[in-house]
Amino acid sequence: SRGSVRGGRLGGDQARGAVAGKLGVAVLSRHALPADPAAAGIAVLPVEGFPIESQWHIVYPKGRQLSPIATEFERHLLLHARQWSPHARPA
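Figured I'd write up the structure that's included with this text. Bear in mind that the values here come from a model prediction, so they are computed numbers and not experimental data. Every chain is numbered independently, its residues counted from 1 as its sequence is written. Per-residue local features of the predicted model are confined to residues with pLDDT of at least 70, and side-chain atom pairs are confined, for both listing and counting, to 80 or more; whole-chain, interface and lining totals are unaffected and use all residues. With hydrogens and water stripped out, all remaining heavy atoms of the structure feed into the side-chain values.

1. Section: the overall build of the chain
Inference 1: Assigned secondary structure in the chain consists of two helices and zero strands.
Inference 2: Buried, partly exposed and exposed residues are distinguished by accessible area as a fraction of the type maximum, computed with a 1.4 Å probe on protein chains only: under 20%, between the cut-offs, and over 50%, respectively. Every one of the 91 residues in the chain was classed for burial, and the buried ones make up 11%.
Inference 3: Total accessible area computed for the chain in this model is approximately 8400 Å², and 58% of it derives from carbon and sulfur atoms. The way it works is that DSSP assigns letters per residue, a run of H or I at least four long becomes a helix, a run of E at least two long becomes a strand, and they are numbered from the N terminus. With residues, only the protein chains shown are counted as cover, and all accessible areas are computed by Shrake-Rupley using a 1.4 Å probe.

2. Details of the pattern of salt bridges
Inference 1: Definition used for salt bridges: Asp or Glu carboxyl oxygen within 4 Å of a side-chain nitrogen of Lys or Arg. In this structure the tally under the stated criterion is one salt bridge.
Inference 2: Arginine 75 is paired through a salt bridge with glutamate 72; the nearest N and O atoms lie 2.7 Å apart. You can see arginine 75 and its partner glutamate 72 sitting in helix α2 (residues 68-84), three residues apart, about one turn around the helix.
Inference 3: When its relative accessible area of 43% is taken as the criterion, arginine 75 is described as partly exposed.

Fair warning: the whole summary comes from geometry, so function is off the table for now.
Spelled out as structure tokens, the structure:
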């Protein structure tokens, strides 16, 4: 039945749709929300202990040389990581 799943996991699009459809609440990354959550029918609530800090890693197959565009993307991520997280390691 609709809305009966407890503690289930939904993809970002599904979770946003469920919240906008008034089926419940969800914990989503701010990056997964539209630029104007209110216009999409989503309220962002102030919750103690949020945002949750997490670690992200750049990964690629061992022993494989990155393409020039992938190398530039990696450089960009490392160069700008500090603005996204105060805990980011320097490039």
